[in-house]
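# Results of the structural survey
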Amino acid sequence: MKILDTLKGRFEQALDGLIDNPAAYSARIAQARDPRFGDYQANIAMPLAKTLGKNPVDIANSIVQRLQIDDLCESVDVAGPGFINLKLRSQFLASSLSQAAGNDRLGVSAVRNPQTYVVDYSAPNVAKPMHVGHIRSTVIGDSLCKILRFLGHRVISDNHLGDWGTQFGMVIYGYKHFVDRSAYERAPVAELSRLYRLVQQIIGYQAAVSQIDKTREQLRLAIRRMQELIAKADAGDKKAAKEVKAADRNVAAVRESLEEIERKIANIEGDSSLHAAAHGHPVLDQRAQLETAKLHSGDPENLALWNQFLPWCIEEIETVYRRLGIKFDLQLGESFYHPMLGDLVQRLLSSGLAQQSEGATCIFLEGYDAPMIIRKQDGAFLYATSDLATIEYRLKQYSPDVILYVVDHRQSEHFAKLFAAAAALGYHHVTLKHVSFGTVLGPDGKPFKTRSGTVIGLEYLLDEAVQRAYQVVCHPERLQKANLRMTNEEQHAVAEAVGLGAIKYADLCHNRTSDYEFDIEQMVQLDGNTSAYIQYSFARASSILRNSGVDLGSPNVDSLSMELVNTAERDLALYLLQFEDVLHQCLEDYLPSVLVAYLYGIAKQYAVFFDQCPVLKADNEHLMLSRLRICDATCKTLQKGLELLGIATVPRM
RNA sequence: GGGGUCAUAGCUCAGUUGGAUAGAGCAACGGAUUUCUAAUCCGUCGGUCGGGGGUUCAAGUCCCUCUGGCCCUGCCA
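The structure displayed is predicted, hence computed values, not measured ones. For every chain, the first residue of the written sequence is number 1, and numbering continues from 1 onward in sequence order. Chains carry letters and ligands carry numbers; both start at the beginning, A for chains and 1 for ligands, and go up in the order they are written. Where totals are concerned, whole chains, interfaces and linings use all residues; where local detail is concerned, this predicted model gives features only for residues with pLDDT of at least 70, and gives and counts side-chain atom pairs only at 80 or more. As a rule here, side-chain values cover all heavy atoms of the structure and leave hydrogens and water aside.

## Points about the overall build of chain A
Filter applied, for reference: Numbering of helices and strands starts at the N terminus; helices are DSSP runs of H or I of at least 4 residues and strands are runs of E of at least 2. Accessible area is worked out with a 1.4 Å probe on protein chains only. A residue is then buried under 20% of its type maximum, exposed over 50%, and partly exposed in between. Working rule for contacts: check all heavy atoms of both residues, and any pair within 4.5 Å makes them a contact. The charge count includes Lys and Arg as positive and Asp and Glu as negative, but it does not include His or the ends of the chains. For the purpose of locating charges, the reference atoms are NZ of Lys, CZ of Arg, CG of Asp and CD of Glu.
For chain A, the count of helices and strands is 26 helices and 13 strands. Expressed along its principal axes, the backbone C-alpha trace of chain A runs to roughly 85 × 70 × 65 Å. Across the 653 residues in chain A, those meeting the buried criterion constitute 50%. Looking at chain A alone, contacts between residues at least 24 apart form 74% of all its contacts between residues at least 6 apart. In chain A, 69 positive and 79 negative side-chain charges are present, and the distance between their average locations comes to 2 Å.

Listed below in structure tokens is the structure:
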């Protein structure tokens, strides 16, 4: 049900002949911000005051006069400086909801002009363990795909794996020199990620050793500068005080990085075998890079190792996807594009778009100081190169109208350059969009890590959430109180749905562009704005439907007119009917959080309805059936909405 | 140095192309109630929307500036 479109249409008719571009102004109809003003409001008259040279209230009145909307609205009022407030007829809401409830798409129609979307999301680097940072891309991308598909678009989801990058050089080097054979045979992925971390740690250590003297000197200089400023500063001199403050911050920053360096060194030097390894393998970063270069140039040994490692790594991440219920149409990693890169760079060079600079092959773009480097001095290609090749491949294979990149905000400059380069290559007929998102922060407001600085594995977090959900949801006391006799199996299924839902919901409920604090304690708390609250609303409503014993699909019930006598049920009905509008709104800026806010609103409104409107104990049978159908519509909307977020529902909890 | 982004209640966050008296959850406090699943509902408390200037009939929202945070900035992704 597209309420907004319907209202806009009526206003456009009324505005036709009055102004030149009715569509531009009908867009100024929105849900009322305050229910006291009605259901919808049209803020059309005020901006027209200048162009028409009239008083906005008069304009509003003349619009209202021309408006033919009596069949939909019980009142149309002009208020304040020229707002037009609309209140829908309850009869209209009742018949619309009745129609939507009996429809398996909840009255949501497919778009008239479906588009083809390629959605690039998740894209972890395999051979590195997945962590909380991978959640956002995966969950947001998956939800966007589902919403797009539900609205009738053609969607190709693609997991652009990092399966060819520098990390493989590290793993290969690690495997050649540090592998624990029996550990590798027992659990290959665990051993490979140990090797990756080991190599990374040593590289970090070596960098730290080479930096420590310089950093100490920096700290001395910073301190001296601060002392000089303090000595020089006159009391009351604001500018000087500011400089002292800045110098002080600088000292703190340098001190912090020095401590980081010292920590890295202490970690290695405190362990004799690590220390020996670090000294037995100097300039490890270069050695690892060499392994990467050998892999890329087709060295048989490294290629064989890569072929050996990759299936393990993919199996590992697919375990996570299976658990999260996520499927991709394509999983074409960077390695897939590698054969195309040489030719691509050649074409870019011969067309003059790219040129050699400081030994590298670069594309210089207007508005950017630094070029986009597509081939390094040592001949290696970069992700900019494979991203360009990926665009070409996708255009050729799928002719998409839109390609979405669900990737964190730190890469926005990369994408700006990439899109500019694609435009320079003449790819104008596709919309390239970076759907960026913020960082997942820990309780300290810094990127989510353990106290020792290591990242926390994603699987561990999923287990943790499920386990906490189990403790709360399946608490024996609670189950007894709610008279829920569940088998062990059902209890675990509920905990899984609630725990995983909690993690996805916590992510999706924030505006994707914001950073947010990952607080597992809070997200599995079952009060407030959490998935469990919504899942619980669904279970409560389902319970009523079950207990009623009524077959809502039977023709006599299905065609029954609804009654919206109580404001609680009228408000709920209005909410439910906005589903389609909300989904379209989600896609305007690719914001799943809009859908989340909507579902939370339904759940809260349902709670009010539940409190105030007895269903099975309603005054008469007709009212009971009417309310049952409202429960049914609520269930279906919550379920579908959660499904579009990738969150499961359970019939009882 | 250059560029990007953010700053809203004690805490975590919303805030639709600028719209009417800035919202929610948590926390705190007070009520309802033996419930069709109380994991509920209602109420109270809590904000010079970082500071200053500007545009506008109207600014949390747009522009300028200052302060502070985070991110990026030629060979990682």
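## Some points on the layout of surface pockets
To keep it simple, the criterion reads: With a 1 Å grid spanning the protein atoms alone, the term cavity applies to any set of points in which a 1.4 Å probe fits but cannot get out, the term pocket to an open set with protein on both sides within 12 Å along at least five of seven lines, and the term lining residue to any residue with an atom within 4 Å of a point. Grid points are joined across faces, edges and corners, and a volume is the space filled by probe spheres set on the points. Three classes are used, and their members are as follows: Ala, Val, Leu, Ile, Met, Phe, Trp, Tyr, Cys and Pro are nonpolar, Asp, Glu, Lys and Arg are charged, and the others, Gly among them, are polar. Domain start and stop positions are those given by an automatic or database domain assignment.
If you add up the space inside the second largest pocket, you get close to 770 Å³. Contributing to the lining of the second largest pocket are 25 residues, with L4, D581, V582, H584 and Q585 lying nearest its centre. Elements that contribute at least two residues to the lining of the second largest pocket include exactly α1 (3-15), β1 (29-31), α24 (579-588) and α25 (592-612). Top contributing element to the lining of the second largest pocket by residue count: α24, with 6 residues. In terms of residue class, the lining of the second largest pocket is made up of 13 nonpolar, 6 polar and 6 charged. A domain split of the lining of the second largest pocket shows at least three residues from each of domain 1 (3-88) and domain 4 (461-644).

## Details of the side chain of T116
Inspection of the secondary structure puts T116 in strand β5 (residues 116-120). Setting aside chain neighbours within four positions, we find T116 in contact with R154, I156, Y398, S399, P400, D401 and V402.

## Considering the protein's contact with RNA strand B
Rule in force here: Here a residue is near a molecule or strand as soon as one of its heavy atoms is found within 4 Å of it. Polar contacts here mean pairs of N or O atoms no more than 3.5 Å apart (in protein, one a potential hydrogen donor and the other a potential acceptor; neighbouring residues in sequence count only if both atoms are side-chain atoms).
Taken together, 68 residues are adjacent to RNA strand B, and K242, K376, R478, Y536 and K617 come closest. Taking N547, its side chain carries an N or O atom lying 3.4 Å from a phosphate oxygen of RNA strand B. Between a base nitrogen of RNA strand B and a main-chain N or O atom of F610, the distance comes to 2.6 Å. Going through the elements one at a time, α3 (45-52), β4 (83-88), α10 (238-269), β8 (360-363), α18 (476-481), β13 (516-517), α21 (531-548) and α25 are the ones with two or more residues in the surface near RNA strand B. Broken down by element, the residue count for the surface near RNA strand B peaks at 7 residues, all from α21. Of the residues assigned to the surface near RNA strand B, the class counts are 29 nonpolar, 18 polar and 21 charged.

## Topic: the packing of aromatic side chains
Aromatic ring pairs: the centre-centre distance and the angle between the two ring planes describe each pair. Rule in force here: Ring geometry is summarised as follows: Phe, Tyr and Trp rings, the Trp one being its six-membered ring, pair when their centres sit within 6.5 Å, and such pairs are stacked at plane angles under 30 degrees, edge-to-face over 60 and tilted between the two. Counted as over-ring charges are cases with an Arg CZ or a Lys NZ within 6 Å of the ring centre that also lie within 35 degrees of the ring normal.
For the structure shown, the criterion picks out 21 aromatic pairs. Ring geometry for F150 against F579: centres 6.4 Å apart, planes inclined by 40°, an arrangement best described as tilted. One end of the pair, F150, is in helix α6 (residues 133-150); the other, F579, is in helix α24, and 429 residues separate them in sequence. Using a relative accessible area of 9% as the deciding quantity, one classes F150 as buried. By relative accessible area, F579 is classed as buried at 2%. Ring geometry for F448 against F518: centres 4.9 Å apart, planes inclined by 50°, an arrangement best described as tilted. With a gap of 70 residues between them, F448 in the loop between β12 (440-441) and α17 (458-473) and F518 in the loop between β13 and α20 (520-523) connect regions that are remote in the sequence. Across the pair, F518 and F448 agree in class, each one buried. Ring-pair connections join several aromatic residues into one group, and the members of that group are F150, Y575, F579 and Y598. Positioned over the ring face of F37 is R36, at 5.8 Å from the centre of the ring. The residue whose ring lies beneath R105 is F150, and the NZ or CZ to ring-centre distance is 4.4 Å.

## Here's the deal with the domain arrangement of chain A
Under the domain assignment, chain A is made up of domain 1 (3-88), domain 2 (117-162 + 326-441), domain 3 (167-307) and domain 4 (461-644). Each of domain 1 and domain 2 was reduced to a C-alpha centroid, and the two centroids are 44 Å apart.

## Considering the sheet that holds strand β6 (residues 154-158)
Here is the rule we go by: Note on pairing: two strands pair once DSSP finds at least 2 bridges between them. Lines fitted to C-alpha atoms define the axes here, with helix axes fitted over just the stretch in contact, and angles between the N-to-C directions of these axes take values from 0 to 180 degrees.
Ordered by their spatial adjacency, 4 strands build an open sheet running β6-β5-β10-β11, and the pairing between neighbours is parallel. Two strands close off the open sheet at either side, each with one partner strand: β6 and β11 (431-437). Direction aside, neighbouring strands of the sheet carry axes that sit 20° apart on average. Looking at chain direction, β5 and β6 are connected through 5 bridges and run parallel. The residue bridging Y117 from the neighbouring strand is V155, located in β6.

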